[in-house]
Amino acid sequence: MLNARGLRIILCATTVFNITYSDKSVCVSTNDPITHPKMYADYPNLWMLDMSNQTKFAFPQSRVILAHIKLARFHCNNCSVSSIYKESFAMLPKLTHLELDRNNLSYIDADAFEKNPLLQRVQLVENNLLKINSEGILRHVTFVSSLNLDFNPGFDINQVQIELPWLLYFSCKHCNTSFVDKSTMKRWQRLGYLYLSDNHIDRVEFDAFLDMPRFKLLNVDRNRGLTNLTIQSKTLLTLSAESCGLEGILDTSNLKALEFLNVRRNNISNIYERGFESNNNIQTILLDDNLIEKIPEKLLNITLYKLDTLCIDRNPLQPSELLEEFNTKYSTKRLRRGCLDDQNPTKAFEYILPTQNGVALYTKQANAQVYQEEIAKLEHHSQAIVYIEEDYFAENSKVLSVILDNNSRYDFPENQTYLKSEFIEHISLVNCSISGIYEKTFMKLPNLKSINLKGNMISSLYSATLFNHNPELQSVNLANNLVKLIAINLFEHHQSLRYLNINGNKHLSSKPGNLFLFSPSLETLLCQFCNFVHIDSFMFQGLPNLKHLDLSYNRITILEKDAFRALIHLKHVDLSNNHLTALGLELHLMKQLDTLCLSGNLKITLEPEYVGGMKQMANKLRQLDTKCEDTTFFQNITELFSFEKTTNKTEEKYDPISNDNIISSASIVIFRSVQFTIILVQIFYQWLGT
């Protein structure tokens, strides 16, 4: 049983070790796992010894740790090994694998492996090695094919002289290497896989790998100081330089065997597209998160039979008419695989970028920082902007107001938020091409107070939840749009809303008996040049706090007497330039009213019940009219009364607002209404003549 093949012993921190014979294991207790070099002499077929987690164990300085003729693998991870001495492995002639991860190893004798001619794999991850020893020399490792020194933060491959003619795999992630040159690589002629991510590399020589016939993979991810990676290799298959500092032009024409390229998260601004003509075997190209502005349309025209992945998300790609053709080819070839925005397709470039010539604003663009200095207002007037990245102002607490007026091609994306910011309070997009506001549009602007969308093409505010994420909203300007419908409860829960401008929406109207809008806080409602015809008592009942109402330049013919009865705070009403034929408002109930504008209603007459109360209402009408921009309404009444004075041959001086001179007979009332209409018509035509 002891002579069975495949014997393995694993010592645990609890001083129990497993003896494994082929596929069976036996636990053996020992109080002292290592007592002398002959400890395991009774196990002649022992091929692996794992002493991991013996946290108090260190190699003795003046003797071997073990004498065994067949032991091939030795592991002591998470022990207390600080040094490997010349004698340490001198009695292990068949040793092929050595694993000493997570120790305090800082010294390896230059001849530590002199008696281990079969050593192939050495793994020394998470130690404190700087350059092996003070001389930086390690001998007798001719046949080592795999060397892993990851997480030795002070180790620099250029500070050691190690001849490794059979080395195939070398990894030193999170080390201290600062450059890669031909002289270092010359000692590793058979190297195939080189991992140097998270170092301090700022230079890789152009011909460092030129004379390496088996070189297949280079990984230099996250070397932030590496700005250029133009290298030459006839055999390199995989190149990964993610999150470095690469800039300028990406050129792969000297890597003819390349199959996989990853240069994500760099500062690459241009692609030498024709360079890929030399890469006949290229399968994957990852260009995400760079500074590429030009759509690489030529890349898809190259005969790349094996290309199955092309990722260019999160680049400041500028809109172009060529994008539509590019998107068609991109989708047809199904090149979106494993791209950064695959989990959120609404952020993928082919979905968010308009297919028209224009300007796109990205956080990556160099000029973004210029505009994001310590200013409270940012303006991009008339710049042909067609797209703006939602994170453009996300981290800038200084920008409170964003003005993108007169960008005549800009429209809100349908499936993406407009902007993301905890600080923006005011936005303005006057005279753009906004066709609609969507559920997500303002979702990430929680402190938004005012919105100005005047002069756009919005046709509907269909949903009551469009502004649900903007509780601080105070002012909304939707003038000169194409609005036909506004959800009644659009602003129902906005306690701060004070101002709403919907002037110039010529298709906006309300049917009698229907509530127009509900808002408990709205104070100013401007509805000039809309399509209102009939104002009844129910229409504005949902606006109990309304103070200023402008309905001028509509087509109102009917204004019911109690139309504003519910608006107890109403101060200003403008009904000028409508089609009113009669005025019978219950002005005596409108205690707060101080302005009533009625000029331009060419056929208006006073309701009969006003006649008997003219003595009391004359002063009120004059007071309400004098605060209007056009005060001709009361002036016409004065002229009318003067005309009546002449008609009745009254000799005393006539005062239209004197109680003694108010005519109240029914016949005179009818006559006065007719004459008033004639006078207004005459004045209107005189005005047209001027």
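Since the structure is predicted, the reported quantities are computational estimates derived from the model, not experimental observations.

**As for the overall build of the protein chain**
Stage number 1. Across its full length, the protein chain carries 8 helices and 41 strands.
Stage number 2. When burial is assessed residue by residue, the protein chain has 51% of its 690 residues classed as buried.
Stage number 3. Contacts in the protein chain between residues at least 24 apart in sequence constitute 57% of all its contacts with a sequence separation of at least 6.
Stage number 4. A total accessible area of about 31500 Å² is found for the protein chain, and carbon and sulfur atoms account for 49% of it.

**Some details on the state of the cysteines**
Cysteine pairs can be linked by a disulfide, which is a covalent bond between their two sulfur atoms.
Stage number 1. One pass over the full model with this rule turns up 4 disulfides.
Stage number 2. At a sulfur-sulfur separation of 2.2 Å, the disulfide partner of Cys-76 is Cys-79. Residues Cys-76 and Cys-79 are joined by a disulfide whose S-S torsion is about -105 degrees; by sign, that bridge is left-handed. The pair Cys-76 / Cys-79 is uniform in exposure class, with both members buried.
Stage number 3. Put simply, Cys-311 and Cys-339 are joined by a disulfide, and their sulfur atoms are 2.0 Å apart.

**Details of the environment of Ser-243**
Stage number 1. With respect to the helices and strands, Ser-243 occurs in the loop between β18 (238-240) and β19 (247-250).
Stage number 2. For the pair formed by Ser-243 and Arg-264, sequence separation is 21 residues and the distance between their alpha carbons is 6.2 Å.
Stage number 3. Sequence-distant contacts of Ser-243, that is, excluding residues within four places in its chain, are made with Arg-222, Asn-223, Arg-224, Arg-264, Arg-265 and Asn-266.

**Digging into helix α2 (residues 322-332)**
Stage number 1. Every buried residue belonging to α2 is among Leu-323, Phe-326, Asn-327 and Tyr-330, and all of these are buried. Buried positions in α2, seen along its axis, are confined to an arc of 100 degrees and lie on one side of it. In this structure, α2 carries Glu-324 and Thr-332 as exposed residues pointing more than 90 degrees from its buried face.
Stage number 2. In this fold, the buried residues of α2 make contact with β23 (309-311) and α3 (349-352).
Stage number 3. Arg-334 occupies a position one or two residues after α2 and carries a positive phi of about 55 degrees.

**Observations regarding the packing of aromatic side chains**
Stage number 1. Evaluation of the coordinates by the stated rule reveals 26 aromatic pairs.
Stage number 2. Seen from their ring centres, Tyr-169 and Tyr-195 are 5.5 Å apart, and the 45 degrees between their planes marks the pair as tilted. Of the two residues, Tyr-169 is situated in strand β13 (residues 169-171) and Tyr-195 in strand β15 (residues 193-195); the sequence distance between them amounts to 26 residues.
Stage number 3. The partly exposed category is assigned to Tyr-169, whose relative accessible area is 26%.
Stage number 4. Assessed through its relative accessible area of 18%, Tyr-195 is described here as buried.

**Looking at the nonpolar core**
Stage number 1. Formed by 100 residues in total, the largest nonpolar core has its most connected members in Phe-74, Phe-170 and Phe-209.
Stage number 2. Of all elements in the fold, only β4 (46-50), β21 (267-271), β22 (284-286), β23, α2 and α3 reach the threshold of two or more residues within this core.
Stage number 3. Among the elements that take part in this core, α2 stands out by supplying 3 residues, more than any other.
Stage number 4. Beyond its immediate stretch of four places on either side in the chain, Phe-74 contacts Leu-49, Met-51, Phe-59, Ile-65, Phe-89, Leu-95, His-97, Leu-98, Glu-99 and Leu-100.
Stage number 5. Listed in part, the 75 residues of the second largest apolar core include Phe-393, Ile-427, Leu-543 and Val-573.

**Section: the side chain of Asp-221**
Stage number 1. Residue position: Asp-221 is located in the loop between β17 (217-219) and β18.
Stage number 2. Buried charge Asp-221 goes without a salt bridge, the closest partner of opposite sign being Arg-222 at 4.2 Å.
Stage number 3. Polar side-chain contacts of Asp-221 include one of 3.4 Å to the backbone nitrogen of Ala-241.
Stage number 4. When residues no more than four places from it in sequence are discounted, the contact partners of Asp-221 are Ser-197, Asp-198, Ser-240, Ala-241, Glu-242 and Cys-244.

**A few points about the pattern of salt bridges**
Stage number 1. Enumeration over the complete set of coordinates arrives at 22 salt bridges.
Stage number 2. One salt bridge in this structure joins Asp-288 and Arg-264, with 2.8 Å as the shortest N-O distance. Here Asp-288 is found in the loop between β22 and β23, whereas its partner Arg-264 is found in the loop between β20 (260-262) and β21, with 24 residues between them in sequence. Each member of the pair Asp-288 and Arg-264 is classed as buried.
Stage number 3. Of the charged contacts in the structure, one is a salt bridge between Arg-336 and Asp-342, with a shortest N-O distance of 3.0 Å.

**Remarks on the environment of Gln-189**
Stage number 1. For Gln-189, the position within the fold is in the loop between α1 (182-185) and β15.
Stage number 2. Taking the C-alpha atoms as reference points, Gln-189 and Arg-214, separated by 25 residues in sequence, lie 8.0 Å from one another.
Stage number 3. Excluding its chain neighbours within four sequence positions, the residues that come into contact with Gln-189 are Asp-211, Met-212 and Pro-213.
Stage number 4. Separated by 3.1 Å, the side chain of Gln-189 and the backbone oxygen of Lys-186 make a polar contact.

**Remarks on unusual backbone geometry**
Stage number 1. At Asn-53, a position not held by glycine, the phi torsion is positive, near 70 degrees.
Stage number 2. Looking at the secondary structure, you find Asn-53 in the loop between β4 and β5 (73-75).
Stage number 3. Of note, the phi angle at Phe-529 is positive, near 55 degrees, even though the residue is not glycine.
Stage number 4. Accessibility expressed as a relative area gives 40% for Phe-529, which makes it partly exposed.

Cut-offs applied
Residues numbered from 1 in each chain as written. Predicted model: local features only at pLDDT ≥ 70, side-chain atom pairs only at ≥ 80, totals over all residues. Heavy atoms only, no water. Helix = DSSP H or I, 4+ residues; strand = E, 2+ residues; numbered from the N terminus. Buried < 20%, exposed > 50% of the residue type's maximum accessible area, 1.4 Å probe, protein only. Contact = heavy atoms within 4.5 Å. Areas by Shrake-Rupley, 256 points an atom, 1.4 Å probe, with all protein chains shown as cover. Disulfide = S-S within 2.5 Å. Arc of directions from axis to C-beta. Phe/Tyr/Trp six-rings, centres within 6.5 Å; stacked < 30°, edge-to-face > 60°. Core = buried A, V, L, I, M, F, W, Y, C linked by side-chain atoms within 4.5 Å. Lys, Arg positive; Asp, Glu negative; His and termini not counted. Salt bridge = Lys/Arg side-chain N within 4 Å of Asp/Glu carboxyl O. Polar contact = N/O pair within 3.5 Å; in protein donor to acceptor, adjacent residues only side chain to side chain.

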